[in-house]
Amino acid sequence: MTKNDIFYKILFAVMIALLPMTIFANIYLTKWALCLFICAILVVKIWLEVFKDKYSQTHQLISVIGTALTFTTLLIMFAVSGVISKPLAVVTVVLVDIFCLFTVLFRNKNVPDMIDAVDYCFMIFECLTLLALSFVTYSITMTNIGLFALILTSGASVAYKIYYAFRYMGIWDKFVRLFRKK
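Described in the following lines is the structure provided in the data block. What you are looking at is a predicted structure, and each value in this text was computed from that prediction instead of being measured. (Residues numbered from 1 in each chain as written. Predicted model: local features only at pLDDT ≥ 70, side-chain atom pairs only at ≥ 80, totals over all residues. Heavy atoms only, no water.)

Some thoughts on the overall build of the protein chain
Helix and strand counts for the protein chain stand at 7 helices and 0 strands. Element order for the protein chain, N to C, with α for helix and β for strand: α-α-α-α-α-α-α. Expressed as a percentage of its 182 residues, the buried residues of the protein chain come to 39%. Counted over contacts in the protein chain with a minimum sequence separation of 6, partners at least 24 positions apart contribute 77%. A total of about 10,500 Å² of accessible surface is found on the protein chain, and carbon and sulfur atoms cover 72% of it. (Helix = DSSP H or I, 4+ residues; strand = E, 2+ residues; numbered from the N terminus. Buried < 20%, exposed > 50% of the residue type's maximum accessible area, 1.4 Å probe, protein only. Contact = heavy atoms within 4.5 Å. Areas by Shrake-Rupley, 256 points an atom, 1.4 Å probe, with all protein chains shown as cover.)

In structure tokens:
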């Protein structure tokens, strides 16, 4: 285990430890304290992306788990408190979690550059949405734009990965053989 690997795991632990603090800040503290905790999550997320080894399966899995937990927690928290509309939060959480599931399923596959490009766009919009979520109690417009961009990129990535799985990985042929008459 290298120093980079240990530091990456410590950063992940810090990011996950900040999630309950955001819930605490949302309930008991002022708006600016909530903003500080979400900005801290954003800074840790950026550092996670800086130190991530693209070819390490452990780092990829940790990144996906962190993304799923962070957005599920924050969006549910803001939807329950009435800041973000519940349907928008549900759609975003479902698409982000499906995106994370497909990222885990395709982690050992050679995928086209288009999928990698959309995944990098998702990562950028993920950071921008975290930045927008830090100002959600002040201005909802920025957050809605960030969530819409997150929905578009995760939806495009999921759709393209489903198409790729059916077209090039032989799933469609197996599906057709199941229902073909003999």
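Text resumes after the structure shown.
Here's the deal with the layout of surface pockets
In this approach a probe as big as a water molecule rolls over the atoms, and the regions it shows empty are the leftover space. As a volume, the largest pocket reaches approximately 720 Å³. In this structure, the largest pocket is lined by 27 residues; those nearest its centre are Lys52, Gln60, Thr103, Asp116 and Asp119. Elements with a contribution of two residues or more to the lining of the largest pocket: helix H3 (57-80), helix H4 (86-105) and helix H5 (113-134). Top element by residues in the lining of the largest pocket is H5. It accounts for 7 residues. (1 Å grid on protein atoms, 1.4 Å probe; cavity = no way out; pocket = protein on both sides within 12 Å on 5 of 7 lines; lining within 4 Å. Points joined across faces, edges and corners; volume = space filled by probe spheres on them.)

Thoughts on empty space enclosed by the protein
All chains considered together, the criterion is met by 1 cavity of 30 Å³ or more. Put simply, the largest cavity is a space of about 30 Å³. Around the largest cavity, the lining residues are Gln60, Leu61, Val64, Thr103, Val104 and Arg107. Of all the secondary structure elements, the ones that give two or more residues to the lining of the largest cavity are H3 and H4. Broken down by element, the residue count for the lining of the largest cavity peaks at 3 residues, all from H3.

Focus: the packing of H3 against H4
Running from N to C, H3 and H4 cross one another at 170 degrees; their axes reach a closest spacing of 9 Å. Considering their axes alone, H3 and H4 lie roughly antiparallel with respect to each other. Seen from H3, the contacting residues are Leu61, Val64, Thr67, Ala68, Phe71, Thr72, Leu75 and Ala79; seen from H4, they are Lys86, Ala89, Thr92, Val93, Val96, Asp97, Cys100, Thr103 and Val104. Here the residues of the contact of H3 with H4 sort into 11 nonpolar, 4 polar and 2 charged. (Axes fitted to C-alpha atoms, helices over the stretch in contact; angles between N-to-C directions. Parallel < 35°, antiparallel > 145°, perpendicular 65-115°, else oblique. Nonpolar A, V, L, I, M, F, W, Y, C, P; charged D, E, K, R; others polar.)

What about the side chain of Thr129?
With respect to the helices and strands, the residue Thr129 is situated in helix H5. The exposure class assigned to Thr129 is buried, which follows from its relative accessible area of 0%. If near-sequence neighbours (up to four positions away) are discounted, Thr129 is found in contact with Phe71, Gly146, Leu147 and Leu150.

This is a description of form; function is not addressed.
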